[in-house]
Amino acid sequence: MKQKIRKAVFPAAGLGTRFLPATKSSPKEMLPLVDKPLIQYSVEEAVASEIESILIVTGRDKSSIEDHFDISFELEAVLQERGKIELFKQVRALADLVKISYTRQKQALGLGHAIYQAKDFVGDEPFAVLLADDVIDAKKPALKQLIEVYQKYSAPVLATMQVKGEAISRFGVIDAEEVEPNIFKIKSIVEKPKFADAPSDMAVIGRYIFTPELFGALEKTKPGAGGEIQVADAMRFLLDEGKPFYAVKLDGVRHDAGDKLGFLIATVEFALKRDELSADFRQYLKSLNLG
Ligand code: UTP
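Residues numbered from 1 in each chain as written. Predicted model: local features only at pLDDT ≥ 70, side-chain atom pairs only at ≥ 80, totals over all residues. Heavy atoms only, no water.

Student: Can you explain the pattern of salt bridges? Please cite residues and give values.
Tutor: On inspection of all chains with the given rule, the structure shows 22 salt bridges. Linking Asp133 and Lys28 is a salt bridge whose minimum nitrogen-to-oxygen distance equals 2.7 Å. Of this pair, Asp133 sits in the loop between strand E6 (127-130) and strand E7 (134-137) while Lys28 sits in the loop between strand E1 (7-12) and strand E2 (32-33); the two residues are 105 residues apart in sequence, bridging distant segments of the chain. The exposure classification of Asp133 matches that of Lys28, with both residues buried. Its salt-bridge partner being Glu180, residue Lys152 comes within 2.8 Å of it at the nearest N-O pair. One end of the pair, Lys152, is in helix H7 (residues 142-153); the other, Glu180, is in strand E9 (residues 172-180), and 28 residues separate them in sequence. Residue Glu180 is classed as partly exposed on the basis of its relative accessible area, which comes to 24%. (Salt bridge = Lys/Arg side-chain N within 4 Å of Asp/Glu carboxyl O. Helix = DSSP H or I, 4+ residues; strand = E, 2+ residues; numbered from the N terminus. Buried < 20%, exposed > 50% of the residue type's maximum accessible area, 1.4 Å probe, protein only.)

Have a look at this one:
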């Protein structure tokens, strides 16, 4: 199966427990990094990777995501009245960014279950999955890096990065063989292993290219780690059937913005890159004299 990757799925129905109470009534995907919600960064990454159609899988209280990518007549009218034309253009551009549809995951039964909600949307083409709380700062958009590997090997691809020490237990982890610099053929995958059991230090991060075969595997997947339907278990099922899977070590920096410390680090890094903020912000950080 070799086709253009046109569709992307954004699972955004998780409970976001690591960021409570901020995520009690608002999705973590709407937490702002400087002045854009997390999900906008990855929607822009998808658009820059030539994605044409997006499905966002939402849970309860996710209407703010829909509103963010919709036209806001009232706000636009006020901005125009007040002559704030630049802001008006920015707000309108969001609604014109890309075709977005929505579906609900009625219960947060895991990432695998969230992706399964996209079965009808995906149909019979290969597709991308992006987790918006993994914000990836990269010259070449992260998803584009995966798409290039997909186009070369005609098989599913996931993103990986090296994680040192005990922290590996918070990730899916792969055992893989390097087939060319930074590209790996996956032998096996395990979700959130104990440090001692981790097959390597190569963690799976939130960007994937799958083929529709994944849905059949998800149908057979029983709840795994944390009682959730894990996409890693479905992938292992396909690997056991001899289906090829690749991984690409991303050229870029990944921030776990769904975690408080990761979010704070990402905020500082992104603020320092903004022309209108960086000089004053840098000066403020220096004045802290943290020693
Ligand atoms: P996380 O592992 O970060 O889980 O999900 P979470 O529930 O969102 O957050 P914490 O760990 O409780 O703080 C990874 C991605 O999968 C989505 C999340 O929205 C996030 O993008 N997800 C997870 C779903 O859409 N549905 C689920 O049932 C679980």
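So much for the structure itself; the text now carries on.
Student: Before we move on, can you summarise the site of the ligand with the specific residues and values?
Tutor: As a structural note, the neighbourhood of the ligand is formed by 18 residues, with Thr17, Arg18, Lys28, Gln105 and Gly110 the closest of them. Alone, the ligand offers 570 Å² of accessible surface; in the complex the protein occludes 85% of this. In this structure, the ligand is accommodated by the largest pocket. Elements represented by at least two residues in the shell around the ligand include exactly E1 and helix H5 (111-116). Across the shell around the ligand, the residue classes tally to 9 nonpolar, 5 polar and 4 charged. (Near = heavy atom within 4 Å. Areas by Shrake-Rupley, 256 points an atom, 1.4 Å probe, with all protein chains shown as cover. 1 Å grid on protein atoms, 1.4 Å probe; cavity = no way out; pocket = protein on both sides within 12 Å on 5 of 7 lines; lining within 4 Å. Sits in = over half its atoms within 2 Å of the grid points. Nonpolar A, V, L, I, M, F, W, Y, C, P; charged D, E, K, R; others polar.)

Student: Report on the pairing of strand E8 (residues 157-162), specifying residues and quantitative values.
Tutor: Both E8 and strand E11 (residues 202-210) contribute to a ladder of 6 bridges, which runs antiparallel. Paired with Leu158 across the two strands is Tyr208, which belongs to E11. Across 4 bridges, E8 lies against strand E12 (residues 246-249) in parallel orientation. In the sheet register, Thr160 faces E12, and the bridge partner there is Lys249. (Pairing = 2+ DSSP bridges.)

Student: Give me the lowdown on helix H10 (residues 260-272), citing residues and values where you can.
Tutor: In this model, H10 (13 residues) spans 19 Å end to end at C-alpha, consistent with the 18 Å of a helix rising 1.5 Å per residue. Among the residues of H10, those classed as buried are Gly262, Phe263, Ala266, Phe270 and Ala271. Buried residues in H10, looked at end-on, bunch into an arc of 155 degrees, giving them a common side. Away from its buried face by more than 90 degrees, H10 exposes Leu261 and Leu264. The inward-facing, buried residues of H10 abut E2, helix H1 (38-48), E7, strand E13 (253-256) and helix H11 (275-287). Capping the start of H10, Asp259 holds a side-chain oxygen 3.3 Å from the backbone nitrogen of Leu261, two or three residues further along. (Expected span 1.5 Å × (residues − 1). Arc of directions from axis to C-beta. Contact = heavy atoms within 4.5 Å. Polar contact = N/O pair within 3.5 Å; in protein donor to acceptor, adjacent residues only side chain to side chain.)

Student: Requested: an account of a nonpolar patch on the surface, with residues and values cited.
Tutor: Together, Tyr284, Leu288 and Leu290 give the surface a local cluster of nonpolar side chains, amounting to about 340 Å² of exposed area. According to the relative accessible area criterion, Tyr284 is partly exposed, its value standing at 46%. (Patch = residues over 30% accessible without salt bridge, like charges linked within 9 Å, V, L, I, M, F, W, Y side chains within 5 Å.)

Student: Can you tell me about the layout of surface pockets, naming the residues and giving the values?
Tutor: The computed volume of the largest pocket comes to approximately 1000 Å³. Elements that contribute at least two residues to the lining of the largest pocket include exactly E1, H5, strand E10 (183-191), E11, helix H9 (231-240) and E13. At 4 residues, E11 tops the list of elements feeding residues into the lining of the largest pocket. Considering only residue class, the lining of the largest pocket consists of 17 nonpolar, 8 polar and 12 charged. (Points joined across faces, edges and corners; volume = space filled by probe spheres on them.)

Student: So what about the environment of Phe19? Which residues, and what values?
Tutor: Following the sequence through the fold, Phe19 ends up in the loop between E1 and E2. With a relative accessible area of 11%, Phe19 lands in the buried category. Residues in contact with Phe19, not counting those within four places in the same chain, are Leu31, Ala257, Gly258, Asp259, Lys260 and Phe263.

Student: Got a sec to walk through the nonpolar core? Specific residues and values, please.
Tutor: General note: in soluble globular proteins, nonpolar side chains tend to be found buried as a group. Among the nonpolar cores identified, the biggest contains 41 residues, and Phe10, Ile39, Ile54, Ile56 and Ile209 are the most heavily contacted of them. Elements represented by at least two residues in this core include exactly E1, H1, strand E4 (53-58), E6, H7, E8, E11 and E12. Examining the composition of this core, we find that 6 residues originate from one element, H7, more than from any other. Excluding its chain neighbours within four sequence positions, the residues that come into contact with Ile54 are Ala8, Phe10, Val43, Ala46, Val98, Lys99, Ile100, Ser101 and Phe121. Core analysis: the next-biggest nonpolar cluster, separate from the first, contains 34 residues, Val9, Leu55, Phe121 and Leu239 among them. (Core = buried A, V, L, I, M, F, W, Y, C linked by side-chain atoms within 4.5 Å.)

Student: How would you sum up the packing of aromatic side chains? Please name residues and give values.
Tutor: Using the criterion set out here, one finds 8 aromatic pairs in the structure. Relative to Phe215, the ring of Tyr116 has its centre 6.1 Å away and its plane inclined at 65 degrees; by these criteria the two rings are edge-to-face. Of this pair, Tyr116 sits in helix H5 while Phe215 sits in helix H8 (residues 213-219), and the two are 99 residues apart along the sequence. Overall, Tyr116 belongs to the partly exposed group, its relative accessible area being 25%. Above the face of the Phe121 ring, Lys7 is positioned so that its terminal group lies 5.4 Å from the ring centre. (Phe/Tyr/Trp six-rings, centres within 6.5 Å; stacked < 30°, edge-to-face > 60°. Lys NZ or Arg CZ within 6 Å of the ring centre and 35° of its normal.)

In short, shape yes, function no, at least from these values alone.
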